[in-house]
Structure formats: structure tokens, C-alpha cells
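Structural overview
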Amino acid sequence: MPFDIALSGIRSASNDLSITGNNIANASTTGFKSSRAEFGDVYATSVLGAGNNSVGNGVRLQDVSQRFTQGSIAFTENELDLAVNGNGFFVVRREGEQYYTRAGAFGLDRDGFITSNTGARLQGFQADERGQIGGLQSDIRIQANNLSPRSTTMVETRLNLDSAEDVLQSTGTNFRTEGNAVAISRVGLQESTSTSYETPNFTLQPPIDLTNGNIGFTVDLAGSSGHNGTVNVLLNTAAGVPSTISSFNDLRTLAGVINAQLFQPTAPQTPIDVIATAVDAGGGQYRLEFTSLQEGEASEIRISNGTATAASLGLPVGPAEGISDPGIAAVSNGYPQQSIDIVGPDGNIVTYTSAANASAATIGSELNALAGVTATATTTLRFVANNFNNANGNLQVELNGVTLSAMTLEGLGQAINGYTASTLPGISAEVDAVTGDLVVSSSVGDDLRVSISSTDDGDSVEILGNPNAPAEVLEVDNNGTLNIANATVANGNEVVVGGSLNIVLAEGYSATNASPPSIGLFGPLTGAAFTEVVINEFDPEDKGTYNHATSMRIYDSLGNPHVLTQYFVRQEYDVNDAATHPNHWVMYVQIDGRDVGDPNTTLPPPDNTVPTRAGFDLRFNPDGSLNQVLSDQILISNWVPRDANGDPNGALGPQNVLAGGTSNIPDPPSSSNFVMDLAGTTQYGSQFSVHEKDQNGYTTGRLSGLNIDASGVIFARFTNGESMTLGQVILADFANNQGLQPVGDSMWAENFESGQPNIGTPGSAALGAIQAGALEESNVDLSEELVRLIIAQRNFQASAKTIETANQVTQTVINLR
């Protein structure tokens, strides 16, 4: 009997050693839960009971109890390392069987499933393509495919518009210069000529002898803007003339004496603006020329009262008169001097007078110096295609002093455009696709001057300025000289076209009293000449036309990024106009610098398909909050996504309102339409600020990382900056954890003793939270286990000693004789 009792003690001590040794062996096993041996005594009983003095029969192992206390949390750098902080087990499946574990060392297999080191797949709820988590338990799988792009369907912005901002726009009046001289093609001389009288040619052989008498004659100048009058000239040796005039040098000396008397005549005569010149005509022939000092004037020079000896110089004698050829002014734009009155808001009148022949650029610059006036000058002419002749390519065209050559009008236009930024500033050219004409424009309103030259007869150009006036043709004829088809001036060699003006008068200003009323640049300034115009009208290229602006990135259906820009313009409020609002703004929208408003179908084709400017009214309450009832709903329904070259890029196009586009945008979208929401936007007396802006589109992206939160929700991070919910880890808990059946690999299986699992999401009910990037260490306490190991060893030795003692007693009994 003692032997059996001792053997039961040895067996129990051995079991205790095994359990303790197993705990020590798994001290570093992730998720391991330590066990302990629980023993009970053994008594022999009969039908009538064991009695009061029963001797025990030893010990037996009643249970191996597991300790499901929390292990320490060790942090790692692996997002798929998971630990349960609190109650619950991870649910895994392997080979069709479901198990439960606290060991969260997970990774991805080749199919993207989250698995343990033994291949057991982690269980959870999978999310659909929109990131919605379902309620059906399944193997959690991480889809490593590229994230498909999503087009923007909603833009949300929340900002503050400064209520102290000024209204930038105002209403003024506009009129154009419509006088009868505007842009007329005018032909004439390239350079001005002066009034001149030439004597007939004469010879100096035999020499002219002044010793036998004086040479006298009278010079008369009339119609000059300079000094007019009459001077009697007397030539003799006393006046400094050589006694004999036999050479050209002598003749030039004589001309100098004439000029001295013309410029400083004897009193009471007064100087006149005429100069005499000696000319060598060649072949021993000479002449004198008398020329007015003022160019371009049709004045008159008369030579008369010549003495008999004057005939030797070719001068008229006696009552005969020599009459000059009048001077001719260089061709100009033909604009006469003209005046207009600018009336200010206070009734003050400023009279502006334009100089004769001044260019539109000059007049515009002078008008811009006046208060309340903004003038823009432009000049346009056409080289008519039907009369451009350049058969051999020898035609040279001079435009504003720059010589150009080209076989065709298209080539001429390219040559002009090559000088736009240098010697032809502001001048550009473009071929009219309909007529083939070359249209040349000056953006600043300079006069456009054209002349030609060629070695080929018949080369020509036709210049058309004002389409309601005749064109002028420059044609090369007679060995390279010019023939002017419609010329009224002999030997004309240049055509000039003047510019026109668009004049805007600020609010409260007016223009009146054009004088003369229509002869020249300005037409009659009657009521019909004026139209209302918005001054400083919104222009996205001009920062001075809007109060605030902000931009953000949006995406088309192919994932291409585009820039959405919002411009905010404060509107004028007039207390006497019920149509205005005191807190009214207009928001303009452009994408990639292009308008996206629905087309105006009332316009003729093709303008009825062109996007218009997208503008939306925003009205605010007196407390600064957005009045969403009076403000427009904002639907962008005419955006055609384009590439860098401005061509449609193949993404989904728009569905404008007329085609059925609405703010109820389906998911997935069927067009490029999107809605803008400004809820929360304010108008306070503080600086413009953007508090929040967001949109729901994105480009394609690759998986770059995972994040698992405390509730077990798995977020995928992509290279495009987006994140998406992929699923949610589930946990299981049991009524009796001690009843779980260990199956190895730090896993347990449910059985009858444990009860059915209570499965839920982390953090719900009594379930713990998930700690990502961490592992739960074994809950084995080595110090405690080593102590228990000593105790088990001691128990084993004591039971062995019992056997030894029983054996000695038995030997003693056997030895009794």
C-alpha cells in the first residue's frame, strides 16, 4: 500500500515538473498562456463509506488549469503584428477548422490573405469596393492591386469672405471713334517735299562777267507757315560775288551771297524762308534751285523782275515770272485736328484737342491722362489676297520702316510676327481662313505704313483699311517704279492706315461736343453712340478684377489631375435698387484656366456650343452666415477634361443641364459633372481665409502600407495619398476560457466545456481592443515557475523516499524468523 501511495506522488510530481517545464520552455512564445497542475487526494471507499479513520491512497492530477491573464505588449515595426489588449481571441481557420489564438504574428501569403506562421487565415469582415464593411465572416484578404481612379463628384469648401472688401466693378459708358476718316487707306509720298523753283540749265562758258553790270531779281514767298515776304536780290562784286563766274565753286559762292540777302535783307525788307542752292546738272550744265524751308507745304515761290544780265543764270527777265512747284506733305492717316469735351461727375468740363495727323496710339495715350477716361487704340489693315502678286519672289514690303520679303501672304505674316517683340512692337499678322487675306494689326494703335519695291514689273499689293472705303493698290511698273492704281498724288509710294479708339468713361462721366462733329476721328457724340459697360469687369487674368481666389486639385475619370480655381467678386449694392443685395458676391469657376459654364444656345453656331463663364450668386445673412436659400446651387456641368495641349483627353465628358444634367450625380458617375458645396462659408469683417477644402476624387495608386486601428478596421494606404477600408478583424470570447482545448501553435479549439464563441468587433461588448504593430508576449512568470520547479523536485524526492522507507520496512518484515 505505501508503494502505491508513493508512486502516485511520484507521478503527480512528474506531471508538475512537466507542466512547469512546458511553461518555462514557452516563456518566449507569442500569445502563450501558462498552465498549472491542480491535484486532489485519493481515498478508498466502500458501499458503507470510508469510515472516520480512513487512510488516504495517495494523490492524483485533477486538472491542468490554463491562466488566460494578459501578457505584456511588445511593440514591433510590422503593421500586421497584432495584439489583443483585453478579452478575446483572434479567430483563424486552417484546413477547414476554426481555431482561436492570442498570437498575433500575422503576415500576407502569396494570395494576399492575412495568415499566421502556421498558415491559418485570420478571420474578419471584408469591405466592398466602396469601403463598406459587411457582416459576413470570411478570410481577410488584402487586395494589392492598383486603386482605380475616381472622378471628382463633390467639392466642399469652407471659407471666409472679407466683408470690408471694396466693390471693384462699376457701370460706365463706352463709345468708339466712328468719324469718316477712321482707318481710310491713304496713299501718297513716303517723304514730304518742299516748294521749289528750278532755273533752266545754263553753262559757265564763257564765264559770267559781273564787271560790266549787276544781276538783280526779286524772290517772293507766299503761303508758308514760316516767314513770307519779298526780297530784292542784287549780285555784284561789292556784295562779295566773284567778278567772273566760271566754275561750280564760283556758282556756290554766288548762291551763298543770294542766301545772305534772303536771310538778312536790307531794311525795310524782312527775311523770308527760302534757300538758294547751286546744282551741278552734269555735262557742263548748272542751275539754281530756290526751296522753301518748310517741308510738305503747298506754298509758292515767285522769281521776277530780273535784269537783263539775270538771263545768264537762267532767271526770268523783266515782267516774266518763274513760279515754283508746290511742296507735298508725306502721306498721313488724314485725321484732322478735332476736339471733344469730357464732363465729370461734378459738371466740370475738360476739352481735349487731338493734333492733326496724330496716331490713334498718341490720342489714346493723351486721353488716358484725363480723369475718368480709359482709351484703347488698335489699327487693322488687310493685304487683299486677290491682288498680291509676287511671281518671282522679288517683291519687298516695307512695314513701318522694316523691310520684309516672302513669296506668299502666309510667309509675309510669319515674317511680321518674327518682329513683333522687336522692331515691330505690338504688330502681328494672321491669315483670314475665309478670304485668304493677311490681316495686320497694331495692338497699340500705331499708324500702319506700307510701301513696296521690286525688280519685276507687275508685282503689287492691295491695302484695305476701312472696309467701307476703297482699297489702294501699290504696283511696280516701268523698271521698278511705283504706279498707284487709285492715287490722287503724283509719284505716291506709300499707303497709310490709321487706327481707331475704344473709349470707356467712368461712372458719372460723359463726352460731348465733338468739333467738328464727324469730319475726322470722332463721330457725332449722340445718345446712340454710347453703350453701358461694366468697368473693371471680371477677368481671371487680371488680379485687379476680383477680390479673392483659391485653387484646389480635382480629378477626371481617368485619374488625371486638374486645377479648379474659384474667384470671388463682391457686387454693388444700391439701396434704391430692389434687385441688389447688401451682402452679395459672385463666385466664378474655371478649370485649368478654361470656362465651364453651360453654352448659350441662343447664339448662332458654332458659338452656341462654346462654354460660357460659370458664375454663381452667393448671398449672406446680416450675421455673416451663408443664405443657402438665396444662393445658387452650384453644379459644374460643362467641363470637358483636356490634356496639356488643350485637346479632350478621353475621360468622361459633361452632361449639361439642357441634356439632363442634375445635382443628383450617380455613383459611379456617368459624366464629368460635380457639385460644389460652400456650407459653412461666412462673410465676416476679417481677412479672406480658407478653413477647409476637400473633394472626393483621386488618381490611381499602388498599395504603400496598411494601418489597423483599435477597432480592428484595416485601412490601406496608397501612393496617391488615399486610404481605403479593406475589412475589420473580429474577436471571439467564451463563457469558460478554461474549457478551450489546446491544439498547439498557441491555438485553442472550442468544445463543450468552453461553450460557443461570442464573436464581435474589437471594443464591442466585453471584447478588448486591437493594438497594431505589437505582439502579446507569453504570460509565463519565470521566477514563479522556477520556484514551482523546486517544489515539484522536492515532492518527487520525498515520494521516492517514501518508497525507500517502505522497502526497508518490508525487508525488515521478511527478515523476521
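Residues numbered from 1 in each chain as written. Predicted model: local features only at pLDDT ≥ 70, side-chain atom pairs only at ≥ 80, totals over all residues. Heavy atoms only, no water.

On to the overall build of the protein chain. Along its length, the protein chain carries five helices and 54 strands. In summary, the protein chain has a C-alpha radius of gyration of 54 Å against a globular reference of 28 Å for 817 residues, an excess of more than 25%. On the principal axes, the C-alpha backbone points of the protein chain span a range of 205 × 65 × 50 Å. With 817 residues in all, the protein chain has 42% of them scored as buried. When contacts within the protein chain are restricted to residue pairs at least 6 apart in sequence, long-range pairs at least 24 apart make up 65% of them. (Helix = DSSP H or I, 4+ residues; strand = E, 2+ residues; numbered from the N terminus. Rg over C-alpha atoms; globule rule 2.2 N^0.38 Å. Buried < 20%, exposed > 50% of the residue type's maximum accessible area, 1.4 Å probe, protein only. Contact = heavy atoms within 4.5 Å.)

Under the counting rule described, the total for this entry stands at 15 aromatic pairs. Look at F89 and F734: their rings are 6.1 Å apart centre to centre, the planes differ by 65°, and that puts the pair in the edge-to-face class. Pair noted here: F89 is in strand β5 (residues 89–94) and F734 is in the loop between β49 (731–733) and β50 (741–744), with a separation of 645 residues, a long-range link. By relative accessible area, F89 is classed as buried at 2%. Pairing F538 with Y546 gives two aromatic rings, centres 6.1 Å apart and planes at 65°, and the pair type is edge-to-face. The two residues F538 and Y546 agree in class, both being buried. Connected via pairs of aromatic rings, a cluster forms that spans F68, F89, Y100, F734 and W748. (Phe/Tyr/Trp six-rings, centres within 6.5 Å; stacked < 30°, edge-to-face > 60°.)

Glancing now at the nonpolar core. Among the nonpolar cores identified, the biggest contains 51 residues, and L367, F383, I416 and V440 are the most heavily contacted of them. Those residues in contact with I416 that lie beyond four places of it in its chain are L399, L404, L424, I427, S428, A429, L438 and V440. F202, L204, F217 and I301 belong to the second-largest nonpolar core, a separate cluster that totals 32 residues. (Core = buried A, V, L, I, M, F, W, Y, C linked by side-chain atoms within 4.5 Å.)

Turning our attention to the sheet that holds strand β36 (residues 510–515). Read from one edge to the other, the open sheet built from three strands follows the order β24-β23-β36, with strand pairing classed as antiparallel. Taken across any chain shown, the strands that pair with only one partner, and hence form the sheet edges, are β24 (349–354) and β36. Going from strand to strand, the sheet's axes swing by 25° on average, the running direction of each strand aside. Across six bridges, the pairing between strand β23 (residues 338–343) and β24 is antiparallel. (Pairing = 2+ DSSP bridges. Axes fitted to C-alpha atoms, helices over the stretch in contact; angles between N-to-C directions.)

Looking now at a negative patch on the surface. Together, E507, E572, D574 and D577 make up a region of like negative charge exposed at the surface. By the element assignment, E507 lies in the loop between β35 (500–505) and β36. Overall, the relative accessible area of 43% leaves E507 in the partly exposed class. (Patch = residues over 30% accessible without salt bridge, like charges linked within 9 Å, V, L, I, M, F, W, Y side chains within 5 Å. Areas by Shrake-Rupley, 256 points an atom, 1.4 Å probe, with all protein chains shown as cover. Salt bridge = Lys/Arg side-chain N within 4 Å of Asp/Glu carboxyl O. Lys, Arg positive; Asp, Glu negative; His and termini not counted. Charge placed at Lys NZ, Arg CZ, Asp CG, Glu CD.)

On the surface, V809, V813 and L816 cluster together into a nonpolar patch covering about 300 Å² of accessible area. Following the sequence through the fold, V809 ends up in helix α5 (residues 782–814).

Within the structure shown, the criterion is met by 14 salt bridges. The shortest N-O distance in the salt bridge between R94 and D745 comes to 3.4 Å. Of this pair, R94 sits in strand β5 while D745 sits in the loop between β50 and β51 (747–749), placing them 651 residues apart in sequence. Linked through salt bridges whose partners overlap, the residues forming this network are K33, R102 and E776.

As a further point, take the sheet that holds strand β11 (residues 154–160). Either a parallel or an antiparallel arrangement is found when strands of a sheet pair, and the pairing is made through backbone hydrogen bonds. Pairing in this open sheet of four strands is mixed, and the strands run β43-β44-β11-β45 from one edge to the other. Of all strands in the sheet, those bounded by a partner on one side alone are β43 (634–636) and β45 (689–695). Across the sheet, the mean angle from the axis of one strand to that of its neighbour is 20°, orientation sign disregarded. In this sheet, β45 lies alongside β11 in antiparallel orientation, the contact comprising six bridges. Looking at the pairing, V155 lines up with Q695 of β45.

Attention now goes to helix α4 (residues 409–417). For α4, every residue scored as buried is listed here: L409, L412, G413, A415 and I416. One face of α4 carries all of its buried residues, which in axial projection span an arc of 160°. Projecting away from the buried face of α4 at angles above 90 degrees are the exposed residues E410 and Q414. Looking at the buried residues of α4, the elements they touch are β25 (373–383), β26 (396–399), β27 (402–405), β28 (427–431) and β29 (438–442). (Arc of directions from axis to C-beta.)

The omega torsion across P605 and P606 is 0°, close enough to zero to call that bond cis. Of note, P606 is situated in the loop between β41 (594–595) and β42 (614–619). Geometrically, the link from D667 to P668 is a cis peptide bond, its omega value of 5° lying close to zero. Looking at where P668 falls in the secondary structure, it is placed in the loop between β43 and β44 (674–677). Despite not being glycine, N536 shows a phi value in the positive range, around 60°. Looking at the element boundaries, N536 is found in the loop between β37 (531–535) and β38 (548–555). For D592, which is not a glycine, the phi torsion comes out positive at approximately 55°. In this structure, D592 sits in the loop between β40 (584–591) and β41. With relative accessibility at 37%, the residue D592 sits in the partly exposed group.

Before going further, it helps to spend a moment on the pairing of β44. Pairing of β11 with β44 involves three bridges; the strand directions are parallel. Across the sheet, residue V155 finds its bridge partner in β44, namely M676. Bridge count between β43 and β44: three bridges; the pairing is antiparallel. Across the sheet, residue L635 finds its bridge partner in β44, namely V675.

For the rest of this paragraph, the subject is the side chain of N160. On the secondary structure map, N160 appears in strand β11. Taking relative accessible area as the criterion, N160 reaches 1% and is therefore assigned buried. Polar contacts involving the side chain of N160 include one to the side chain of T682, which spans 2.8 Å. Once you skip the residues sitting within four places of it in the chain, N160 turns out to touch T682, Q683, Y684, S686, Q687, F688, S689 and H691. (Polar contact = N/O pair within 3.5 Å; in protein donor to acceptor, adjacent residues only side chain to side chain.)

Along helix α3 (residues 360–368), the residues classified as buried are A360, A361, I363, G364 and L367. Down the axis of α3, the buried set is contained in an arc of 165°. They therefore lie on one face. Residues of α3 that are buried make contact with β23, β24, β25 and β35.

So, about the pairing of strand β10 (residues 133–139). As judged from the four bridges shared by strand β9 (residues 121–127) and β10, these two strands associate in the antiparallel manner. In the sheet register, F125 faces β10, and the bridge partner there is Q137. Hairpin geometry of β9 and β10 is characterised by an intervening segment of five residues between the two adjacent antiparallel strands and by a positive phi of about 85° at G131.

By the element assignment, T545 lies in the loop between β37 and β38. Residue class for T545 comes out buried when judged on its relative accessible area of 1%. Ignoring sequence-local partners within four residues, the contact set of T545 consists of L168, Q169, N536, E537, F538, D539 and V569.

Geometry only, nothing functional implied.
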